[in-house]
Amino acid sequence: MRRRATTSLPRPGYVLIIAEKPKAARKIAGALGLKGFGRVYGVPYWYGYYRGEYVVVSSTAGHLFTLVTDRHSYPVFEYRWVPRWEGERGASFLKKFYSALKALARGAKAFVNACDYDIEGSVIGYLIIKELGDVRRAKRAKFSSLTPQELRKSFQSLMPLDWDMIESGLCRHELDWIWGINVSRAIMHMFRRVMSYRKPLSAGRVQSPALQQVINREIERRTHVPLPSYSVVAELVAPNGEVLKVDLAAGLRTREEARELMARIKAIGYAIVKNVVKKDERIAPNPPFNLPDLQQEASRIYGISPAEVLRLGEGLYLDGVISYPRTNSQKLPPTLDTDSILRSLGRLSQYSSFVPRAIGRRPVQGSKTDPAHPAIYPTGQLPKLPMPERKWRLYDLIVRRFIASFLDPVIVSTVNVDAAFDDVVCFKIKGRVVKSRGWLDIYPFTDIKETRVPLLSPGDELRLKSVKIKLQLSRAPKRYTKASLLRWMESVGIGTEATRAEIIETIVRRGYVEVKSGYLIPTELGFQVAFALSEFFSEITDVSLTRKFEEEVESVRLGRKRRADVVTEAKEFLEPRLNHVKELIDSRDRASLLRALKVVKDEVVPRCVICGRVSYGESLGLPLCVMHYIAAEKMCESYRRWREAEGISFGDFARRLLKMRSAGDYVREVAEYVVTHGLNISDK
DNA sequence: GCAAGGTC
């Protein structure tokens, strides 16, 4: 497109088309064949005639308006929309978009909201037209992708403003604001009064369930009581003399059971091969990245955090070397000229040998989709080198995943051997060898474990060389990393591609969790906030609040409910509870507040006999804090299994727990108390 | 100051 840059505003009397971002505005202008180009306040616009109509296309950069209130207290249900650059820190870059659209709106005779066709896009465009233009002279462009055909089609049949969609979007904003601001203020009030804590605290529909998840996992780990199970493992000698290590049985409940099995196996002395099945398995390449997959892989392979992936990805996108990164799609656009992208990538020596194998083929596609954007792919425009190391690594990962998606599957030869010691025990021996490396050389980050097995045929004898019993202890689940927490958020459907990483940073910034060796560990403050929320606003700690919002917002979109009614319901639900909490805090009933925060150390009675925190309840006949209480209860529960498995006394069980590294620290502390005070649970 | 959601 030839551009004639101008520094002044276009001649008035045009239809102003508003896109969600500058890149989209450029695509729309291209599709409509607009040749004129100019800038206002540095913001680009395009102009010209489309089907006889004089039009101007420009854009915002996401939300230009936000909700604010003038009230400083809570409950608060009065709010209004204001330009974001006025108040919000870090939003000053929006001022030029605001000024530009305001100036362009003055010369417009009509408006088109051409933001992404989703509820946020409807809100973004609507608020701009409402605040800076005139909604009575506005229409909506409806398109599902930014391809020229789709865009032209949408402008040939412009729709009236999509009021139900706008109302549902406004409703989502208001619900999140009402819940988030009010609950945040309530807990700040509480922590200020009770603990003299003065830093900002927060709660919200997405961040609070994420925090709760980290807390639950930590409680599980720290109150973990390992449970026993037994396996029988043996060394067998194949006819060719090779020694094989095999699990003959696993998951046995008692040591006695395992001993019996072992004795019978020893008496027989050899196993017979029953069946041998050889097969080739094909492992297809992964589809091109969407953002969650990229965040996961960058964290796994290079330890780059999800938020940094988003930041680096945005940089690569603005450099023009990759497509839009905030996407959930694993599919490439059907019209994409993949061959010319591949040819261009082939000019980089890292990739040149793979490109010929990829050209002329179709890529693997994933099942995930996105209403606004395709999967992340290299545009074929090559990056300026050198670039910072981590940025390069991310780019390289994206390119490799892209090229891999065109290549042959990895072929793995597998062998499955069934064998048995008479009718005493059947077992399997499995082997795997990579036969053809396929896409594995360009994307070598997948570890395909190889196990070799000697050549065996039915009827072969496997002589027993040795056999023993192995005690297996159940392990506590792993702590979350930023990447695995993000995965969890995605799996339960909270947050969006663009926000999840930043929301994880928020719970870190608040001091709710710390990052140690990549793992998220809740702080005392995090525990206290989570307990306070569960006590007074339990809904906000659960992902089901998002489900509820989605249902409400959807019913507004379908015109079945009015936004005002949904907002009123939320207000009527929250207001009495906020007032109740406020009264409790103002009543200075310190003891009940401390009990609600659960893990506070204070002079209040009764206290945990082990750690001095406020008591939560009695277990083993002792007043215990919530964590030692859970640990003690789990110990009593698990003792039944240990007695069945090993026939040991409660005292011996406690002594063994002290030595188990996989036992949670709260469990070991309770065990130590049990040992030193000679406690028993026979009376339970 | 506090949310979640867009995008630079």
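What you see is a predicted model, and the numbers here were worked out from it, not measured in a lab. Sequence order as written defines residue numbering, which begins from 1 separately in each chain. By the order in which they are written, chains take letters starting at A while ligands take numbers starting at 1. Given that the model is predicted, a residue must reach a pLDDT of at least 70 before its local features are reported, and side-chain atom pairs must reach 80 or more before they are shown or counted; all residues, however, enter totals for whole chains, interfaces and linings. Think of the side-chain values as coming from all heavy atoms in the structure, minus any hydrogens and water.

1. Points about the nonpolar core
Line of reasoning, step 1. Buried Ala, Val, Leu, Ile, Met, Phe, Trp, Tyr and Cys residues form a nonpolar core when they are joined through side-chain atoms within 4.5 Å. Burial classes follow relative accessibility: with a 1.4 Å probe on protein chains only, a residue under 20% of its type's maximum area counts as buried, one over 50% as exposed, and anything between as partly exposed. Core analysis: the biggest nonpolar cluster contains 128 residues, and Met190, Leu485 and Met635 have the highest contact counts within it.
Line of reasoning, step 2. Helix and strand assignments follow DSSP, with helices taken as H or I runs no shorter than four residues and strands as E runs no shorter than two, numbered in order from the N terminus. Broken down by element, this core gets its largest block of residues, 13 residues, from helix H6 (residues 163-195).
Line of reasoning, step 3. It only takes one pair of heavy atoms within 4.5 Å for two residues to be counted as in contact. In this view, Leu485 contacts Ala210, Gln213, Val214, Tyr480, Ile504, Ile507 and Leu520; residues no more than four positions away in its chain are not counted.
Line of reasoning, step 4. Formed by 47 residues, the second largest nonpolar core is a distinct cluster that contains Leu316, Ile341, Ala375 and Ile442.

2. A short note on the protein's contact with DNA strand B
Line of reasoning, step 1. The local shell around DNA strand B holds 42 residues, among which Arg84, Phe93, Leu318, Tyr324 and Thr496 are the closest.
Line of reasoning, step 2. The criterion for a residue being near a molecule or strand is simple. One of its heavy atoms has to lie within 4 Å of it. Of everything in DNA strand B that lies within 4 Å of the protein, sugar and phosphate atoms constitute 57%.
Line of reasoning, step 3. A distance of 3.2 Å is found between a base nitrogen of DNA strand B and a side-chain nitrogen or oxygen belonging to Thr66.
Line of reasoning, step 4. In the model, a base oxygen of DNA strand B is placed 2.7 Å from a nitrogen or oxygen of the Arg185 side chain.
Line of reasoning, step 5. At the level of elements, strand S6 (65-68), H6 and helix H10 (306-318) are the ones that each hand at least two residues to the surface near DNA strand B.
Line of reasoning, step 6. Broken down by element, the residue count for the surface near DNA strand B peaks at nine residues, all from H6.
Line of reasoning, step 7. Each residue gets one label: Ala, Val, Leu, Ile, Met, Phe, Trp, Tyr, Cys and Pro are nonpolar, Asp, Glu, Lys and Arg are charged, and the others, such as Gly, are polar. Counted by class, the surface near DNA strand B contains 17 nonpolar, 13 polar and twelve charged residues. N or O atoms closer than or at 3.5 Å make up a polar contact, with two conditions inside protein: a donor-capable atom paired with an acceptor-capable one, and, for residues adjacent in sequence, both atoms drawn from side chains.

3. Examining the domain arrangement of chain A
Line of reasoning, step 1. Domain boundaries shown here were taken from an automatic or database domain assignment. If you check the domain split of chain A, you get domain 1 (4-161), domain 2 (171-223 + 478-596), domain 3 (228-282 + 410-438 + 445-473), domain 4 (291-404) and domain 5 (601-677).
Line of reasoning, step 2. The C-alpha-based centres of domain 3 and domain 5 are spaced at 39 Å.
Line of reasoning, step 3. Of the residues lining the interface, seven residues belong to domain 3; the matching set on domain 5 comes to eight residues.
Line of reasoning, step 4. Where domain 3 abuts domain 5, roughly 710 Å² becomes buried across the two surfaces, and 49% of that area is made up of carbon and sulfur atoms.
Line of reasoning, step 5. Every case where a carboxyl oxygen of Asp or Glu lies within 4 Å of a side-chain nitrogen of Lys or Arg is listed as a salt bridge. Put simply, domain 3 and domain 5 have two salt bridges between them.
Line of reasoning, step 6. With its nearest N and O atoms 2.8 Å apart, the salt bridge here joins Arg255 to Glu646.
Line of reasoning, step 7. On inspection of domain 3 and its partner domain 5, the count reaches six residue pairs in polar contact (both at pLDDT 80 or more).
Line of reasoning, step 8. Mapped by element, the contributors of at least two residues to the side of domain 3 that touches domain 5 are strand S11 (228-237) and strand S16 (461-473).
Line of reasoning, step 9. For the side of domain 3 that touches domain 5, the residue count by class is four nonpolar, one polar and two charged. By buried area we mean how much accessible surface two parts lose on assembly, using a 1.4 Å probe and totalling the loss over both.

4. Observations concerning the sheet that holds S16
Hydrogen bonds between backbone atoms are what pair the strands of a sheet, whose relative direction is either parallel or antiparallel.
Line of reasoning, step 1. The rule for pairing is simple: two strands pair if DSSP sees at least two bridges between them. Across the sheet, which stays open at both edges, the six strands sit in the order S12-S11-S16-S13-S14-S15 with antiparallel pairing between neighbours. Of all strands in the sheet, those with a lone pairing partner are strand S12 (243-252) and strand S15 (425-436), marking the two edges. Between one strand axis and the next, the sheet turns through 30° on average, direction left out of account.
Line of reasoning, step 2. Angles run from 0 to 180 degrees between N-to-C directions of axes, and those axes are lines fitted to C-alpha atoms, restricted for helices to the stretch in contact. Where helix H20 (residues 626-646) meets the sheet, it contacts S11 and S16, and its direction lies at approximately 40° from that of S11.

5. A word on helix H4 (residues 119-132)
Line of reasoning, step 1. Take the number of residues in a helix, subtract one, and multiply by 1.5 Å to get its expected span. For H4, with 14 residues, the first-to-last C-alpha span of 20 Å sits near the 20 Å given by 1.5 Å per residue.
Line of reasoning, step 2. Buried residues dominate H4, accounting for ten of its 14 residues.
Line of reasoning, step 3. By the burial criterion, the buried members of H4 are Gly121, Ser122, Val123, Ile124, Gly125, Tyr126, Leu127, Ile128, Ile129 and Leu132.

6. A closer look at the side chain of Thr69
Line of reasoning, step 1. In this fold, Thr69 is placed in the loop between S6 and strand S7 (80-83).
Line of reasoning, step 2. In terms of polar contacts, Thr69 uses its side chain to reach the backbone amide nitrogen of Arg71, at 3.2 Å.
Line of reasoning, step 3. Reaching out from Thr69, the side chain makes a polar contact with the backbone oxygen of Glu78 at a distance of 2.7 Å.
Line of reasoning, step 4. Discounting residues that sit within four places of it in the chain, Thr69 has contacts with Val76, Glu78, Tyr79, Trp177 and Arg185.

7. Some remarks on helix H7 (residues 207-222)
Line of reasoning, step 1. Relative to the 22 Å expected for 16 residues at 1.5 Å per residue, H7 spans 23 Å between its end C-alpha atoms, a close match to the ideal helical length.
Line of reasoning, step 2. Residues of H7 that are buried: Gln207, Ser208, Pro209, Ala210, Leu211, Gln212, Gln213, Val214, Ile215, Glu218 and Ile219.
Line of reasoning, step 3. The inward-facing, buried residues of H7 contact helix H14 (482-492), helix H15 (500-509), strand S17 (513-516), strand S18 (519-522), helix H16 (524-536) and H20.

8. Let's talk about the pairing of strand S4 (residues 43-50)
Line of reasoning, step 1. The buried count for S4 comes to seven of eight residues, which makes it a mostly enclosed element.
Line of reasoning, step 2. Examined bridge by bridge, strand S3 (residues 36-40) and S4 share five bridges and lie antiparallel to one another. Its bridge partner lying in S4, Gly38 is registered against Tyr45.
Line of reasoning, step 3. Where S3 folds back on S4, the antiparallel hairpin that results is connected by two residues, among which Tyr41 adopts a positive phi of roughly 50°.

9. Some words on the pattern of salt bridges
Line of reasoning, step 1. Within this structure, the stated rule accounts for 54 salt bridges.
Line of reasoning, step 2. For the salt bridge of Arg487 with Glu490, the shortest nitrogen-to-oxygen distance reads 2.6 Å. Here Arg487 pairs with Glu490, and both are found in helix H14, just three residues apart, close to one helical turn.
Line of reasoning, step 3. You can call Glu490 buried: its relative accessible area is 15%.
Line of reasoning, step 4. We note a salt bridge from Arg500 to Glu497, for which the minimum N-O separation is 3.2 Å.
Line of reasoning, step 5. The exposure class assigned to Arg500 is buried, which follows from its relative accessible area of 6%.
Line of reasoning, step 6. Connected through salt bridges with shared partners, the residues Glu120, Arg172, Asp176 and Arg205 form a single ionic network.

10. Section: the environment of Pro160
Line of reasoning, step 1. Within the element layout of this structure, Pro160 appears in strand S10 (residues 159-160).
Line of reasoning, step 2. For Pro160, a relative accessible area of 59% corresponds to the exposed category.
Line of reasoning, step 3. Each C-alpha atom, one on Pro160 and one on Arg137, is 9.5 Å from the other, the two residues being 23 residues apart in sequence.

11. A word on the packing of helix H9 (residues 291-302) against helix H13 (residues 389-404)
Line of reasoning, step 1. In contact at an axis separation of 11 Å, H9 and H13 are set at 120° when each is read in the N-to-C sense. When the axis of H9 is compared with that of H13, the two are oblique. Once H9 is placed against H13, the crossing between them reads as right-handed. Side by side, H9 and H13 meet where Asp293, Leu294, Glu297, Ala298, Ile301 and Tyr302 of the first sit next to Arg393, Leu394, Asp396, Leu397, Ile398 and Arg401 of the second. Here roughly perpendicular refers to angles of 65 to 115 degrees, roughly parallel to angles under 35, roughly antiparallel to angles over 145, and oblique to all remaining angles. It is the rotation of the near helix from the far one that decides the hand of a crossing: anticlockwise by less than a right angle makes it left-handed, clockwise makes it right-handed.

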